[in-house]
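# Commentary on secondary and tertiary structure
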Amino acid sequence: MDEFTLEIDEAKFRKTNGLWNELCLNDPWSVGYVSTLIESQAFTTKEKWEDFYYKSGQEREFKIQSLSDLEQRMVNDYSLKRTNLQQIQRLEWPVKNLNFQFGRTKEQLYEKGRILHTHASQRGIDILVEECIECVRFRVICETWNGIIIRERNTIKKLKEIFPALDFIKTNGEFDHKYAVDYELSDKGNILCGIQIKPQTYTFNMPYIVKARNANVHKNRGYFERFQRPVFDVISKSNGEIENMDVIEKIKAENK
């Protein structure tokens, strides 16, 4: 399967990483549980995945029409996740699920790009609005495909070669968002550990990456407190080659 390639200057793309997280544009409330959406069907091409995501957004738009005016404003307000969390929590679950379990339209991703551009300009980042729109598309559509369908599945294939007796249980988007766990490893029904599959860039010490790692450490701690099992990071390439081979020994230690 083909990977998506970034269509703008990579340095410009990286400059918006911090803002992308800071503005909560990456939150499931803003873009849906993309890991759940991409696992909902067996997409044979990256184009079919992208088309599905936009059509899912159109379906969401249709369903939103039946909501009250207040509910419509709430599910369409990108800032609510940060500023009015209590209001969101009081919404009925079927209403909240319109944001979590559906994609977004192409036009809505464009709007997120314009929001990103406004704040990037205020920070003195030299980037065009069209480039910010591509930043949003690449993070939501392309990185999800490259990370889950390409790197993640190739990595699981490698791990299964190393641990043929173990079961690899894919978590859903909500569970992943809460605990930062991509898969749970099980031996005859006994959960041994959770794992996160990440690219090498996850080990870099850029401020926004450090912030993301710290957030995931907190989520992993919540997983351990609930299940009494550790979570390990598996750093891998797109072809599934594992770069931190010491993690294999850590997994083996849990299977004694």
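Further up the page is the structure itself.
Now for a quick tour of the structure. Quick caveat, the model's predicted, so the values are computed rather than measured. (Residues numbered from 1 in each chain as written. Predicted model: local features only at pLDDT ≥ 70, side-chain atom pairs only at ≥ 80, totals over all residues. Heavy atoms only, no water.)

## Looking at unusual backbone geometry
For Ala-180, which is not glycine, the phi dihedral falls at a positive 55°. When you line up the elements, Ala-180 lands in the loop between α12 (173-179) and β2 (183-187). We classify Ala-180 as buried; its relative accessible area is 4%. Even without a glycine there, the phi angle at Gln-228 is positive, about 60°. On the secondary structure map, Gln-228 appears in the loop between α13 (207-227) and β4 (231-235). (Helix = DSSP H or I, 4+ residues; strand = E, 2+ residues; numbered from the N terminus. Buried < 20%, exposed > 50% of the residue type's maximum accessible area, 1.4 Å probe, protein only.)

## A short note on the sheet that holds β4
Strands sit in the order β1-β2-β3-β4 across an open sheet of four strands; the sheet is mixed. Strands with a single pairing partner mark the edges of an open sheet, and in this sheet they are β1 (167-170) and β4. Between one strand and the next, the sheet's axes are offset by a mean angle of 35°, whatever the strand orientation. Where strand β3 (residues 190-198) and β4 come together, five bridges link them in parallel fashion. Across the sheet, residue Ile-197 finds its bridge partner in β4, namely Val-234. Of the strands in this sheet, β2, β3 and β4 are in contact with α13, which crosses β3 at around 170°. Against the sheet, helix α14 (residues 246-254) engages β2, β3 and β4, with an angle of about 150° to β4. (Pairing = 2+ DSSP bridges. Axes fitted to C-alpha atoms, helices over the stretch in contact; angles between N-to-C directions. Contact = heavy atoms within 4.5 Å.)

## What to know about the pattern of salt bridges
Within this structure, the stated rule accounts for 15 salt bridges. Taking the shortest distance from any N to any O, the salt bridge between Glu-50 and Arg-137 comes out at 2.8 Å. One end of the pair, Glu-50, is in helix α5 (residues 46-64); the other, Arg-137, is in helix α11 (residues 129-162), and 87 residues separate them in sequence. Of the two residues examined, Glu-50 and Arg-137, each falls in the buried class. Glu-134 is the partner of Arg-137 in a salt bridge, and the nearest nitrogen-oxygen pair spans 3.1 Å. Of this pair, Arg-137 and Glu-134 both sit in helix α11, three residues apart, which is roughly one turn of the helix. This pair shows no difference in class: Arg-137 is buried, exactly as Glu-134 is. Each of Glu-50, Glu-134 and Arg-137 takes part in salt bridges that share partners, so that together they form one network. (Salt bridge = Lys/Arg side-chain N within 4 Å of Asp/Glu carboxyl O.)

## Some words on the packing of aromatic side chains
Scanning the entire structure with this criterion turns up 15 aromatic pairs. Residues Tyr-223 and Phe-227 carry aromatic rings whose centres are separated by 4.8 Å and whose planes lie at 45° to one another, so their mutual orientation is tilted. One end of the pair, Tyr-223, and the other, Phe-227, are both in helix α13, four residues apart, so they sit about a helical turn from each other. Directly above the ring of Phe-13 sits Arg-139, whose terminal nitrogen or CZ lies 4.3 Å from the centroid. The residue whose ring lies beneath Lys-198 is Tyr-202, and the NZ or CZ to ring-centre distance is 5.1 Å. (Phe/Tyr/Trp six-rings, centres within 6.5 Å; stacked < 30°, edge-to-face > 60°. Lys NZ or Arg CZ within 6 Å of the ring centre and 35° of its normal.)

## What to know about α11
Given a rise of 1.5 Å per residue, 34 residues ought to cover 50 Å, and the 46 Å separating the end C-alpha atoms of α11 matches this to within 8%. In α11, a bend of some 40° at Phe-138 exceeds every other bend along the element. A large share of α11 lies buried, amounting to 24 of its 34 residues. (Expected span 1.5 Å × (residues − 1). Bend = angle between axes of the 7 residues up to and from the residue.)

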